Amino acid sequence: MRHHVDRRTLGRYGSHRKAMLSNMAASLFLEESIVTTVTRAKELRRVAEKLITRAKGNTLHDRRILRSRMPHKEALQKLFDDIAKRYETRPGGYTRIVKIGYRKGDSSPMAVIQLVE
């Protein structure tokens, strides 16, 4: 039984999954749109929305927490300076997932995850 199991493991062990989602979040913040599988996009949405909400606080404590969760300097700079200010009045729902079909090699469902305007 799967009592209280609320995350997808994505076929990786914990530290690898955490690093992968951190890197994907950094890419999302820098590029504002990335192409990935639907399953990864859904997990990335959980991570990215929490990071954006934390960045909206803009305290030293928030900066230190985000630095520990996503140690990518340029992405953090853009997150605090640009993205958090863009969404300061928005209560949530910072990302959008658009399904774009299937990957040619293995028929995995693909999606674009992007920051909403």
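Bear in mind the structure is a predicted one, so any value in this text is a computation, not a measurement.

Before going further, it helps to spend a moment on the packing of aromatic side chains. All told, the structure shown has 1 aromatic pair when counted by the stated rule. Between Tyr87 and Tyr94 the ring centres are 5.1 Å apart and the planes differ by 45°, which places this aromatic pair in the tilted class. For the pair formed by Tyr87 and Tyr94, the shared burial category is buried. Residue placement shows Arg63 over the ring face of Phe80; its charged tip is 4.1 Å from the ring centre.

By size, the foremost hydrophobic cluster in this structure holds 28 residues, and its most contacted members are Phe29, Leu44, Ile52, Met70 and Leu79. When contributions to this core are tallied by element, the ones reaching two or more residues are helix H1 (14–31), helix H2 (38–57), helix H4 (73–86) and strand E3 (109–115). The biggest single contributor to this core is H1, with 7 residues. The residues contacting Leu44, other than those within four sequence positions of it, are Leu21, Met24, Ala25, Leu28, Ile34 and Ile113.

Strand order across the open sheet formed by 3 strands is E1-E3-E2, with antiparallel pairing between neighbours. The sheet is open, and its two edges are formed by strand E1 (33–37) and strand E2 (95–102), each paired on a single side. Averaged over neighbouring strand pairs, the angle between their axes works out to 25° when direction is ignored. Where E1 and E3 come together, 5 bridges link them in antiparallel fashion. Counted as the bridge partner of Ser33 is Gln114 from E3. Most of the contacts of H1 go to E1, to which it runs at about 145°, and overall it touches E1, E2 and E3. Along the sheet, H2 contacts E1, E2 and E3; its crossing angle with E1, the most-contacted strand, is approximately 140°.

Let us look at the environment of Glu88. Inspection of the secondary structure puts Glu88 in the loop between H4 and E2. The exposure class assigned to Glu88 is exposed, which follows from its relative accessible area of 57%.

Another point: the pairing of E3. The buried fraction of E3 is high, at 6 of 7 residues. Pairing geometry for E2 and E3, over 7 bridges, is antiparallel. By the bridge assignment for E3, Lys99 is matched with Ala111. Between E2 and E3, which pair antiparallel and follow one another directly, the connecting turn spans 6 residues, one of which, Ser107, has a positive phi of 60°.

What counts and what doesn't
The numbering scheme is per chain: residues are counted from 1 as the chain's sequence reads. Selection of residues for local features in this predicted model requires a pLDDT of at least 70, selection of side-chain atom pairs for listing and counting requires 80 or more, and totals for whole chains, interfaces and linings are taken over all residues. Side-chain calculation: all heavy atoms of the structure are included, whereas hydrogens and water are not. Stacked, edge-to-face and tilted labels apply to pairs of Phe, Tyr and Trp rings (six-membered ring for Trp) whose centres lie within 6.5 Å, assigned for plane angles under 30 degrees, over 60, and everything in between, in that order. Relative accessible area decides the class of each residue, using a 1.4 Å probe on protein chains only: under 20% of the type maximum gives buried, over 50% gives exposed, and in between gives partly exposed. The criterion is that NZ of a Lys, or CZ of an Arg, lies within 6 Å of the ring centre and within 35 degrees of the ring normal, and then a charge sits over that ring. Buried Ala, Val, Leu, Ile, Met, Phe, Trp, Tyr and Cys residues form a nonpolar core when they are joined through side-chain atoms within 4.5 Å. Every helix listed is a DSSP run of H or I at least four residues long, and every strand listed is a run of E at least two residues long, numbered separately from the N terminus. Note on contacts: a residue pair is in contact if any heavy atoms of the two residues lie within 4.5 Å. DSSP calls a pair of strands paired once it identifies at least 2 bridges connecting them. Axis geometry follows a simple rule: fit a line to the C-alpha atoms, using only the stretch in contact for helices, then measure angles between N-to-C directions, giving values from 0 to 180 degrees.

On their own, these measurements won't tell you what the molecule is for.
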